[in-house]
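Residue strings, one per chain:
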Amino acid sequence: MEKISVAAARKPEAIGKQVRLQGWVRTRRDSKGGFSFLELNDGSSLGNVQIVVDGTLPNYESDVKHLTAGSSVTIDGLVKASPAKGQPTEVQATQLTVHGGADAEGYPLQKKHHTFEFLRTIAHLRPRTNTFGAVTRVRNRVSQSIHQFFQEQGFYYIHTPIITASDCEGAGEMFKVTTLDLEKLPKRAEPGQSGTVDYTQDFFNRPAYLTVSGQLQGEIFACSMGKIYTFGPTFRAENSNTSRHLAEFWMVEPEMAFFELTDNMELAERFIKRILGDVLRDCAEDMQFFNDRIDDSHTILATLQGIVDKPFLRVSYTEAVEILEKSGHKFEYPVGWGRDLQAEHERYLTEQKFNCPVILYDYPRTIKPFYMRCNDDGRTVRAMDVLVPKVGEIIGGSQREERLDILEQRMQEQGLVPEHYWWYLDLRRYGTVPHSGFGLGLERILQFITGLGNIRDVIPFPRTPGSADF
Ligand code: 4AD
Ligand code: MG
(Lines give C-alpha, C1' and ligand atoms only; values in the text may rest on other atoms or scores of the structure.)
(Ligands and ions follow the chains in the order given, each with its own letter.)
Protein backbone atom coordinates (compact mmCIF):
# COMPACT_ATOMS: atom_id res chain seq x y z
CA MET A 1 0.00 0.00 0.00
CA GLU A 2 1.60 3.25 -1.15
CA LYS A 3 1.01 6.33 1.00
CA ILE A 4 0.42 9.25 -1.37
CA SER A 5 -0.68 12.85 -1.12
CA VAL A 6 -4.03 14.17 -2.24
CA ALA A 7 -2.17 16.15 -4.91
CA ALA A 8 -0.68 12.93 -6.28
CA ALA A 9 -4.02 11.08 -6.11
CA ARG A 10 -5.63 13.80 -8.24
CA LYS A 11 -3.24 13.13 -11.13
CA PRO A 12 -4.28 10.73 -13.92
CA GLU A 13 -0.99 8.82 -13.41
CA ALA A 14 -2.37 7.54 -10.11
CA ILE A 15 -5.26 5.68 -11.77
CA GLY A 16 -5.15 1.96 -11.03
CA LYS A 17 -3.05 2.28 -7.87
CA GLN A 18 -3.94 0.94 -4.45
CA VAL A 19 -3.12 3.85 -2.14
CA ARG A 20 -3.36 5.15 1.42
CA LEU A 21 -4.51 8.77 1.89
CA GLN A 22 -4.50 10.72 5.15
CA GLY A 23 -6.03 14.08 5.81
CA TRP A 24 -9.06 16.07 6.89
CA VAL A 25 -12.59 15.78 5.59
CA ARG A 26 -13.86 18.98 3.97
CA THR A 27 -17.39 17.77 3.20
CA ARG A 28 -19.52 14.63 3.28
CA ARG A 29 -22.46 14.02 0.97
CA ASP A 30 -24.63 10.89 1.31
CA SER A 31 -26.18 9.42 -1.78
CA LYS A 32 -29.57 7.75 -1.90
CA GLY A 33 -27.95 4.62 -3.23
CA GLY A 34 -26.47 3.86 0.18
CA PHE A 35 -22.96 5.26 -0.28
CA SER A 36 -21.20 8.54 0.51
CA PHE A 37 -18.85 11.04 -1.11
CA LEU A 38 -16.11 12.67 0.93
CA GLU A 39 -13.95 15.60 -0.12
CA LEU A 40 -10.52 15.03 1.40
CA ASN A 41 -7.72 17.58 1.76
CA ASP A 42 -4.24 17.15 3.25
CA GLY A 43 -2.63 20.50 2.41
CA SER A 44 -0.81 19.21 -0.65
CA SER A 45 -3.03 21.04 -3.13
CA LEU A 46 -5.89 23.48 -3.35
CA GLY A 47 -8.21 20.89 -4.81
CA ASN A 48 -9.58 17.99 -2.79
CA VAL A 49 -9.80 14.41 -3.89
CA GLN A 50 -13.21 12.80 -3.97
CA ILE A 51 -13.54 9.59 -1.97
CA VAL A 52 -16.38 7.20 -2.69
CA VAL A 53 -17.30 5.16 0.38
CA ASP A 54 -19.57 2.21 -0.16
CA GLY A 55 -22.31 1.30 2.32
CA THR A 56 -20.84 -2.19 2.54
CA LEU A 57 -17.81 -0.97 4.53
CA PRO A 58 -18.12 -2.53 8.02
CA ASN A 59 -17.94 0.84 9.81
CA TYR A 60 -20.13 2.68 7.29
CA GLU A 61 -23.06 3.25 9.63
CA SER A 62 -21.01 3.66 12.82
CA ASP A 63 -18.25 5.95 11.49
CA VAL A 64 -18.66 7.16 7.93
CA LYS A 65 -22.22 8.37 8.36
CA HIS A 66 -21.06 10.54 11.27
CA LEU A 67 -18.09 12.16 9.55
CA THR A 68 -18.18 15.95 9.74
CA ALA A 69 -16.04 18.73 8.28
CA GLY A 70 -12.68 18.82 10.06
CA SER A 71 -12.55 15.11 10.98
CA SER A 72 -9.22 13.38 10.40
CA VAL A 73 -9.09 10.05 8.58
CA THR A 74 -6.91 7.41 6.97
CA ILE A 75 -8.35 5.94 3.81
CA ASP A 76 -7.13 2.94 1.83
CA GLY A 77 -8.53 2.55 -1.63
CA LEU A 78 -8.20 2.28 -5.37
CA VAL A 79 -7.65 5.35 -7.56
CA LYS A 80 -10.07 5.32 -10.50
CA ALA A 81 -10.87 7.62 -13.38
CA SER A 82 -13.72 9.82 -12.22
CA PRO A 83 -16.95 10.00 -14.17
CA ALA A 84 -17.62 13.43 -12.62
CA LYS A 85 -16.67 16.63 -14.43
CA GLY A 86 -13.73 18.75 -13.27
CA GLN A 87 -11.73 16.00 -11.58
CA PRO A 88 -9.69 13.35 -13.37
CA THR A 89 -9.70 10.86 -10.49
CA GLU A 90 -11.58 9.63 -7.46
CA VAL A 91 -10.76 7.03 -4.84
CA GLN A 92 -12.93 4.01 -4.09
CA ALA A 93 -12.38 3.40 -0.37
CA THR A 94 -11.76 -0.14 0.84
CA GLN A 95 -11.04 0.86 4.42
CA LEU A 96 -11.56 4.01 6.46
CA THR A 97 -10.19 4.82 9.91
CA VAL A 98 -11.30 7.85 11.87
CA HIS A 99 -8.59 9.47 14.01
CA GLY A 100 -10.57 12.34 15.43
CA GLY A 101 -14.03 13.69 14.89
CA ALA A 102 -14.88 17.40 14.84
CA ASP A 103 -18.07 18.44 16.56
CA ALA A 104 -20.20 20.01 13.85
CA GLU A 105 -21.64 22.64 16.20
CA GLY A 106 -18.31 23.69 17.64
CA TYR A 107 -15.99 23.51 14.61
CA PRO A 108 -15.33 27.15 13.69
CA LEU A 109 -14.74 26.50 9.98
CA GLN A 110 -18.21 26.03 8.61
CA LYS A 111 -18.91 25.72 4.92
CA LYS A 112 -20.07 29.32 4.66
CA HIS A 113 -17.75 32.15 3.67
CA HIS A 114 -15.62 33.49 6.52
CA THR A 115 -14.07 36.94 6.55
CA PHE A 116 -10.28 37.27 6.74
CA GLU A 117 -10.73 39.22 9.99
CA PHE A 118 -12.54 36.28 11.54
CA LEU A 119 -9.96 33.80 10.25
CA ARG A 120 -7.18 35.80 11.96
CA THR A 121 -8.89 35.06 15.28
CA ILE A 122 -8.57 31.32 14.56
CA ALA A 123 -5.00 31.29 13.26
CA HIS A 124 -4.70 27.69 14.53
CA LEU A 125 -7.33 26.54 12.03
CA ARG A 126 -7.04 28.93 9.11
CA PRO A 127 -4.39 26.85 7.30
CA ARG A 128 -7.28 24.46 6.63
CA THR A 129 -8.99 27.04 4.42
CA ASN A 130 -8.48 27.27 0.67
CA THR A 131 -7.02 30.76 0.82
CA PHE A 132 -4.56 30.13 3.61
CA GLY A 133 -3.51 26.76 2.21
CA ALA A 134 -2.73 28.47 -1.10
CA VAL A 135 -0.84 31.27 0.68
CA THR A 136 1.20 28.69 2.56
CA ARG A 137 2.20 26.80 -0.57
CA VAL A 138 3.09 30.00 -2.44
CA ARG A 139 5.06 31.32 0.53
CA ASN A 140 7.00 28.07 0.59
CA ARG A 141 7.71 28.25 -3.16
CA VAL A 142 8.88 31.87 -2.91
CA SER A 143 11.23 30.95 -0.06
CA GLN A 144 12.69 28.16 -2.17
CA SER A 145 13.14 30.52 -5.16
CA ILE A 146 14.97 33.00 -2.96
CA HIS A 147 17.54 30.41 -1.97
CA GLN A 148 17.79 28.96 -5.47
CA PHE A 149 18.30 32.36 -7.11
CA PHE A 150 21.18 33.34 -4.87
CA GLN A 151 22.76 29.92 -4.50
CA GLU A 152 22.90 29.46 -8.28
CA GLN A 153 24.93 32.67 -8.53
CA GLY A 154 27.50 31.94 -5.84
CA PHE A 155 26.01 33.96 -2.99
CA TYR A 156 26.60 32.64 0.54
CA TYR A 157 23.68 32.42 2.95
CA ILE A 158 24.75 34.24 6.14
CA HIS A 159 22.89 33.95 9.42
CA THR A 160 23.00 37.43 10.86
CA PRO A 161 22.03 37.93 14.49
CA ILE A 162 18.51 38.45 15.74
CA ILE A 163 19.74 40.23 18.88
CA THR A 164 21.82 43.31 18.17
CA ALA A 165 23.03 46.53 19.77
CA SER A 166 22.88 48.70 16.64
CA ASP A 167 19.95 50.43 14.96
CA CYS A 168 20.62 49.85 11.27
CA GLU A 169 17.83 52.02 9.95
CA GLY A 170 18.33 54.70 12.61
CA ALA A 171 14.60 55.05 12.94
CA GLY A 172 14.47 54.10 16.63
CA GLU A 173 11.79 51.50 16.06
CA MET A 174 13.46 48.70 17.96
CA PHE A 175 12.12 46.22 20.49
CA LYS A 176 14.34 46.05 23.56
CA VAL A 177 15.70 42.67 24.67
CA THR A 178 16.36 42.46 28.39
CA THR A 179 16.41 40.08 31.33
CA LEU A 180 15.88 42.94 33.77
CA ASP A 181 12.74 42.68 35.78
CA LEU A 182 10.72 45.57 34.41
CA GLU A 183 8.78 45.65 37.67
CA LYS A 184 11.90 46.44 39.69
CA LEU A 185 14.34 48.13 37.33
CA PRO A 186 17.67 48.79 39.07
CA LYS A 187 18.30 52.51 39.17
CA ARG A 188 21.68 54.13 39.08
CA ALA A 189 22.27 56.15 42.22
CA GLU A 190 24.75 58.70 40.82
CA PRO A 191 23.79 62.34 41.22
CA GLY A 192 21.94 63.64 38.19
CA GLN A 193 21.71 60.10 36.86
CA SER A 194 18.99 58.80 39.12
CA GLY A 195 16.14 57.26 37.25
CA THR A 196 18.24 55.95 34.35
CA VAL A 197 18.46 52.22 33.91
CA ASP A 198 21.74 50.58 34.87
CA TYR A 199 22.39 48.38 31.86
CA THR A 200 25.56 46.93 33.42
CA GLN A 201 23.08 44.80 35.39
CA ASP A 202 21.46 43.56 32.21
CA PHE A 203 22.25 40.31 30.34
CA PHE A 204 24.43 41.90 27.66
CA ASN A 205 25.88 44.64 29.87
CA ARG A 206 24.38 47.17 27.49
CA PRO A 207 21.06 47.94 25.82
CA ALA A 208 20.17 45.28 23.25
CA TYR A 209 17.39 45.00 20.70
CA LEU A 210 15.72 42.73 18.17
CA THR A 211 17.22 43.47 14.78
CA VAL A 212 15.45 45.71 12.25
CA SER A 213 17.78 44.50 9.46
CA GLY A 214 20.73 42.18 8.99
CA GLN A 215 22.40 44.62 6.62
CA LEU A 216 25.26 45.94 8.75
CA GLN A 217 26.41 42.41 9.59
CA GLY A 218 25.73 41.41 5.99
CA GLU A 219 28.16 44.10 4.86
CA ILE A 220 30.86 42.53 7.04
CA PHE A 221 30.56 39.28 5.13
CA ALA A 222 30.20 40.91 1.69
CA CYS A 223 33.46 42.72 2.42
CA SER A 224 35.26 39.39 2.68
CA MET A 225 33.13 36.73 0.95
CA GLY A 226 32.02 38.84 -2.02
CA LYS A 227 28.33 38.11 -2.43
CA ILE A 228 26.08 37.12 0.46
CA TYR A 229 22.43 37.15 1.46
CA THR A 230 20.52 36.94 4.69
CA PHE A 231 16.95 35.69 4.98
CA GLY A 232 15.35 35.87 8.36
CA PRO A 233 12.89 37.53 10.68
CA THR A 234 13.18 41.25 11.37
CA PHE A 235 11.35 43.32 13.94
CA ARG A 236 10.00 46.83 13.93
CA ALA A 237 8.19 48.51 16.78
CA GLU A 238 6.63 51.12 14.52
CA ASN A 239 3.15 51.77 15.74
CA SER A 240 1.62 51.79 12.30
CA ASN A 241 -1.54 49.75 12.17
CA THR A 242 -1.67 49.54 8.38
CA SER A 243 -2.39 46.78 5.88
CA ARG A 244 1.30 46.78 4.83
CA HIS A 245 3.13 46.76 8.18
CA LEU A 246 3.98 43.96 10.58
CA ALA A 247 5.96 44.16 13.80
CA GLU A 248 7.67 40.88 12.82
CA PHE A 249 8.33 40.17 9.16
CA TRP A 250 10.79 38.26 7.00
CA MET A 251 13.38 40.07 4.95
CA VAL A 252 15.83 38.88 2.29
CA GLU A 253 18.96 41.00 2.16
CA PRO A 254 21.64 40.42 -0.46
CA GLU A 255 24.86 42.41 -0.14
CA MET A 256 27.49 42.48 -2.87
CA ALA A 257 31.08 43.76 -2.95
CA PHE A 258 32.07 45.64 -6.11
CA PHE A 259 28.44 46.38 -7.01
CA GLU A 260 27.35 49.90 -7.85
CA LEU A 261 23.78 51.11 -7.72
CA THR A 262 22.98 50.14 -11.31
CA ASP A 263 24.27 46.58 -10.67
CA ASN A 264 22.06 46.51 -7.60
CA MET A 265 19.00 47.55 -9.62
CA GLU A 266 19.71 44.97 -12.27
CA LEU A 267 19.98 42.23 -9.63
CA ALA A 268 16.77 43.30 -7.89
CA GLU A 269 14.86 43.20 -11.16
CA ARG A 270 16.12 39.76 -12.12
CA PHE A 271 15.39 38.53 -8.60
CA ILE A 272 11.75 39.62 -8.64
CA LYS A 273 11.22 38.23 -12.12
CA ARG A 274 12.67 34.90 -11.07
CA ILE A 275 10.35 34.65 -8.06
CA LEU A 276 7.26 35.54 -10.10
CA GLY A 277 8.20 33.15 -12.92
CA ASP A 278 8.71 30.24 -10.52
CA VAL A 279 5.41 30.83 -8.77
CA LEU A 280 3.45 31.16 -12.02
CA ARG A 281 4.93 27.89 -13.26
CA ASP A 282 4.90 25.78 -10.09
CA CYS A 283 1.84 27.08 -8.21
CA ALA A 284 -0.52 27.28 -11.18
CA GLU A 285 -3.61 26.00 -9.39
CA ASP A 286 -3.12 28.29 -6.39
CA MET A 287 -2.40 31.28 -8.64
CA GLN A 288 -5.53 30.63 -10.65
CA PHE A 289 -7.46 30.66 -7.37
CA PHE A 290 -5.98 34.04 -6.35
CA ASN A 291 -6.73 35.40 -9.79
CA ASP A 292 -10.35 34.23 -9.82
CA ARG A 293 -11.36 34.40 -6.18
CA ILE A 294 -9.20 36.97 -4.39
CA ASP A 295 -8.42 39.66 -6.95
CA ASP A 296 -11.59 41.61 -7.75
CA SER A 297 -10.31 42.60 -11.17
CA HIS A 298 -9.10 39.06 -11.97
CA THR A 299 -5.88 40.39 -13.44
CA ILE A 300 -3.18 38.90 -11.20
CA LEU A 301 -2.01 36.30 -13.70
CA ALA A 302 -1.82 38.80 -16.56
CA THR A 303 -0.13 41.42 -14.38
CA LEU A 304 2.53 39.07 -13.04
CA GLN A 305 3.26 37.62 -16.47
CA GLY A 306 3.54 41.16 -17.86
CA ILE A 307 6.08 42.02 -15.18
CA VAL A 308 8.18 38.95 -15.98
CA ASP A 309 8.24 39.91 -19.66
CA LYS A 310 8.92 43.65 -19.53
CA PRO A 311 11.79 45.78 -18.16
CA PHE A 312 11.22 47.80 -14.98
CA LEU A 313 11.20 51.57 -15.28
CA ARG A 314 13.93 53.59 -13.55
CA VAL A 315 12.96 57.05 -12.40
CA SER A 316 14.93 59.40 -10.15
CA TYR A 317 13.29 60.73 -6.99
CA THR A 318 13.55 64.25 -8.40
CA GLU A 319 11.72 63.26 -11.60
CA ALA A 320 9.10 61.41 -9.55
CA VAL A 321 8.39 64.48 -7.42
CA GLU A 322 8.00 66.57 -10.59
CA ILE A 323 5.55 64.02 -12.00
CA LEU A 324 3.52 64.02 -8.78
CA GLU A 325 3.52 67.82 -8.57
CA LYS A 326 2.34 68.16 -12.16
CA SER A 327 -0.21 65.35 -11.87
CA GLY A 328 -3.05 67.57 -10.71
CA HIS A 329 -4.03 64.67 -8.44
CA LYS A 330 -5.19 65.54 -4.92
CA PHE A 331 -3.06 63.70 -2.38
CA GLU A 332 -3.73 63.45 1.32
CA TYR A 333 -0.04 64.06 2.15
CA PRO A 334 1.82 66.97 0.54
CA VAL A 335 4.37 66.35 -2.21
CA GLY A 336 7.61 68.31 -2.38
CA TRP A 337 11.31 67.80 -2.92
CA GLY A 338 12.84 66.63 0.35
CA ARG A 339 9.68 64.99 1.68
CA ASP A 340 9.39 61.24 1.93
CA LEU A 341 6.98 59.59 -0.48
CA GLN A 342 3.84 58.12 1.05
CA ALA A 343 2.08 54.96 -0.06
CA GLU A 344 -0.47 57.03 -2.00
CA HIS A 345 2.34 58.69 -4.01
CA GLU A 346 4.00 55.37 -4.73
CA ARG A 347 0.71 53.93 -5.85
CA TYR A 348 -0.04 56.88 -8.10
CA LEU A 349 3.28 56.35 -9.87
CA THR A 350 2.96 52.58 -10.29
CA GLU A 351 -0.79 52.39 -10.93
CA GLN A 352 -1.89 55.60 -12.62
CA LYS A 353 1.24 56.94 -14.23
CA PHE A 354 3.32 53.94 -15.31
CA ASN A 355 1.25 50.82 -14.60
CA CYS A 356 4.35 48.73 -14.02
CA PRO A 357 7.10 48.29 -11.42
CA VAL A 358 9.25 51.37 -10.97
CA ILE A 359 12.70 51.68 -9.43
CA LEU A 360 13.03 55.09 -7.82
CA TYR A 361 16.60 56.17 -7.08
CA ASP A 362 18.74 59.06 -5.78
CA TYR A 363 16.64 60.18 -2.82
CA PRO A 364 17.37 63.26 -0.66
CA ARG A 365 20.10 62.49 1.88
CA THR A 366 18.05 63.93 4.73
CA ILE A 367 15.33 61.26 4.52
CA LYS A 368 17.58 58.20 4.13
CA PRO A 369 19.83 56.31 6.60
CA PHE A 370 23.48 57.13 7.26
CA TYR A 371 24.94 54.21 5.31
CA MET A 372 23.77 55.27 1.83
CA ARG A 373 26.43 56.61 -0.53
CA CYS A 374 26.40 60.39 -1.06
CA ASN A 375 26.15 61.68 -4.60
CA ASP A 376 28.40 64.49 -5.80
CA ASP A 377 25.46 66.92 -5.83
CA GLY A 378 25.63 66.97 -2.02
CA ARG A 379 21.83 66.65 -1.82
CA THR A 380 21.06 63.08 -2.75
CA VAL A 381 22.17 59.54 -1.89
CA ARG A 382 22.42 56.41 -4.02
CA ALA A 383 19.21 54.90 -2.69
CA MET A 384 16.75 52.76 -4.61
CA ASP A 385 13.23 51.61 -3.84
CA VAL A 386 11.35 49.13 -6.00
CA LEU A 387 7.65 50.00 -6.17
CA VAL A 388 4.88 47.81 -7.54
CA PRO A 389 1.19 48.47 -8.20
CA LYS A 390 -1.19 48.12 -5.23
CA VAL A 391 1.49 47.33 -2.63
CA GLY A 392 3.96 50.18 -3.20
CA GLU A 393 7.49 49.61 -1.86
CA ILE A 394 8.60 45.99 -1.83
CA ILE A 395 12.37 46.57 -1.92
CA GLY A 396 14.55 49.21 -0.30
CA GLY A 397 18.27 49.34 -0.94
CA SER A 398 21.29 51.41 -1.85
CA GLN A 399 24.92 51.63 -2.74
CA ARG A 400 26.78 51.94 0.57
CA GLU A 401 29.08 54.78 1.59
CA GLU A 402 32.55 53.29 1.35
CA ARG A 403 34.50 56.52 2.12
CA LEU A 404 35.44 56.70 5.81
CA ASP A 405 35.42 60.47 6.23
CA ILE A 406 32.06 60.97 4.53
CA LEU A 407 30.51 58.09 6.45
CA GLU A 408 31.65 59.53 9.79
CA GLN A 409 30.26 62.89 8.81
CA ARG A 410 26.91 61.32 7.86
CA MET A 411 26.71 59.52 11.20
CA GLN A 412 27.27 62.75 13.08
CA GLU A 413 24.68 64.45 10.87
CA GLN A 414 22.15 61.88 12.04
CA GLY A 415 23.09 62.02 15.70
CA LEU A 416 24.87 58.65 15.78
CA VAL A 417 28.06 58.06 17.76
CA PRO A 418 30.71 56.79 15.27
CA GLU A 419 32.61 54.98 18.07
CA HIS A 420 29.61 52.71 18.60
CA TYR A 421 29.99 51.56 14.99
CA TRP A 422 33.82 51.16 15.12
CA TRP A 423 33.63 47.72 13.50
CA TYR A 424 31.45 49.04 10.65
CA LEU A 425 33.92 51.90 10.11
CA ASP A 426 36.83 49.43 10.13
CA LEU A 427 35.42 47.97 6.92
CA ARG A 428 36.18 51.39 5.40
CA ARG A 429 39.59 51.62 7.08
CA TYR A 430 40.90 48.30 5.82
CA GLY A 431 40.41 47.45 2.17
CA THR A 432 37.23 49.40 1.55
CA VAL A 433 35.31 48.59 -1.65
CA PRO A 434 32.27 49.95 -3.42
CA HIS A 435 29.35 47.73 -2.43
CA SER A 436 25.58 47.61 -2.56
CA GLY A 437 22.60 45.66 -1.32
CA PHE A 438 18.88 45.71 -0.77
CA GLY A 439 16.11 44.25 1.35
CA LEU A 440 12.99 42.56 0.00
CA GLY A 441 10.06 42.23 2.37
CA LEU A 442 8.82 38.66 1.96
CA GLU A 443 5.28 39.50 3.04
CA ARG A 444 5.12 42.53 0.75
CA ILE A 445 5.95 40.46 -2.33
CA LEU A 446 3.49 37.79 -1.16
CA GLN A 447 0.78 40.45 -0.93
CA PHE A 448 1.63 41.46 -4.46
CA ILE A 449 1.59 37.89 -5.76
CA THR A 450 -1.62 36.78 -4.03
CA GLY A 451 -3.58 40.02 -4.30
CA LEU A 452 -4.47 39.80 -0.60
CA GLY A 453 -5.18 43.27 0.67
CA ASN A 454 -3.90 42.79 4.21
CA ILE A 455 -0.34 41.77 5.04
CA ARG A 456 -1.67 39.84 8.09
CA ASP A 457 -3.10 37.27 5.73
CA VAL A 458 0.20 36.23 4.13
CA ILE A 459 2.15 35.35 7.31
CA PRO A 460 1.23 32.36 9.50
CA PHE A 461 1.12 34.25 12.79
CA PRO A 462 0.96 38.03 12.37
CA ARG A 463 2.38 40.32 15.03
CA THR A 464 0.95 43.83 15.03
CA PRO A 465 0.39 46.51 17.68
CA GLY A 466 -1.75 45.00 20.41
CA SER A 467 -1.76 41.54 18.90
CA ALA A 468 0.59 38.62 19.46
CA ASP A 469 -1.75 35.68 19.99
CA PHE A 470 -0.94 32.11 19.00
O1 4AD B 1 13.35 49.82 3.25
P2 4AD B 1 13.81 49.05 4.45
O3 4AD B 1 13.61 49.65 5.78
O4 4AD B 1 15.34 48.73 4.17
C5 4AD B 1 16.20 48.14 5.03
O6 4AD B 1 15.93 47.66 6.10
C7 4AD B 1 17.60 48.00 4.48
N8 4AD B 1 18.52 47.76 5.61
C9 4AD B 1 17.62 46.87 3.49
C10 4AD B 1 18.99 46.68 2.84
O11 4AD B 1 19.41 47.54 2.11
N12 4AD B 1 19.65 45.58 3.13
O13 4AD B 1 13.10 47.61 4.45
C14 4AD B 1 13.25 46.75 3.34
C15 4AD B 1 11.92 46.14 2.96
C16 4AD B 1 10.86 47.16 2.54
O17 4AD B 1 11.02 47.55 1.20
C18 4AD B 1 9.59 46.38 2.76
O19 4AD B 1 9.37 45.48 1.68
C20 4AD B 1 9.93 45.55 3.98
O21 4AD B 1 11.34 45.48 4.06
N22 4AD B 1 9.41 46.15 5.21
C23 4AD B 1 8.33 45.70 5.89
N24 4AD B 1 7.49 44.68 5.65
C25 4AD B 1 6.50 44.46 6.54
N26 4AD B 1 6.30 45.19 7.65
C27 4AD B 1 7.11 46.25 7.95
N28 4AD B 1 6.93 46.95 9.07
C29 4AD B 1 8.19 46.53 7.04
N30 4AD B 1 9.18 47.45 7.01
C31 4AD B 1 9.90 47.21 5.90
MG1 MG C 1 12.29 51.52 2.80
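Data block above holds the structure.
Computed from a prediction, not measured in an experiment: that's the story for all the values here. (Residues numbered from 1 in each chain as written. Chains lettered and ligands numbered in written order. Predicted model: local features only at pLDDT ≥ 70, side-chain atom pairs only at ≥ 80, totals over all residues. Heavy atoms only, no water.)

Engineer: Before we go on, may I ask you to explain the sheet that holds strand β10 (residues 208-210) in this structure?
Structural biologist: Backbone hydrogen bonds are what pair the strands of a sheet, in a parallel or an antiparallel way. One open sheet holds the three strands; their spatial order is β8-β10-β9, and the pairing between them is antiparallel. On the outer flanks of this sheet lie β8 (163-164) and β9 (176-177), each paired with one strand and no other. For β9 and β10, the ladder comprises two bridges, and the chain directions are antiparallel. Counted as the bridge partner of Lys176 is Tyr209 from β10. (Pairing = 2+ DSSP bridges. Helix = DSSP H or I, 4+ residues; strand = E, 2+ residues; numbered from the N terminus.)

Engineer: Any chance you could explain the site of ligand 1 here in plain terms?
Structural biologist: Glu169, Gln215, Glu238, Glu253 and Glu393 are the nearest of the 25 residues found near ligand 1. Here a nitrogen atom of ligand 1 and a side-chain polar atom of Ser213 are 3.0 Å apart. Note that an oxygen atom of ligand 1 is positioned 2.9 Å from one of the side-chain N or O atoms of Arg400. Breaking the shell around ligand 1 down by element, the ones donating at least two residues are β12 (248-257), β16 (392-399) and β17 (435-441). Taken together, the residues of the shell around ligand 1 break down into nine nonpolar, eight polar and eight charged. (Near = heavy atom within 4 Å. Polar contact = N/O pair within 3.5 Å; in protein donor to acceptor, adjacent residues only side chain to side chain. Nonpolar A, V, L, I, M, F, W, Y, C, P; charged D, E, K, R; others polar.)

Engineer: Teacher, can you tell me more about the environment of Ser166 here?
Structural biologist: By secondary structure assignment, the location of Ser166 is in the loop between β8 and β9. For Ser166, a relative accessible area of 12% translates into the label buried. Put simply, Ser166 and Cys223 are 57 residues apart on the chain and 19 Å apart in space, counted from C-alpha to C-alpha. Once residues lying within four places of it in the same chain are set aside, the contact partners of Ser166 are Met174, Leu216, Gln217, Tyr421 and Trp423. (Buried < 20%, exposed > 50% of the residue type's maximum accessible area, 1.4 Å probe, protein only. Contact = heavy atoms within 4.5 Å.)

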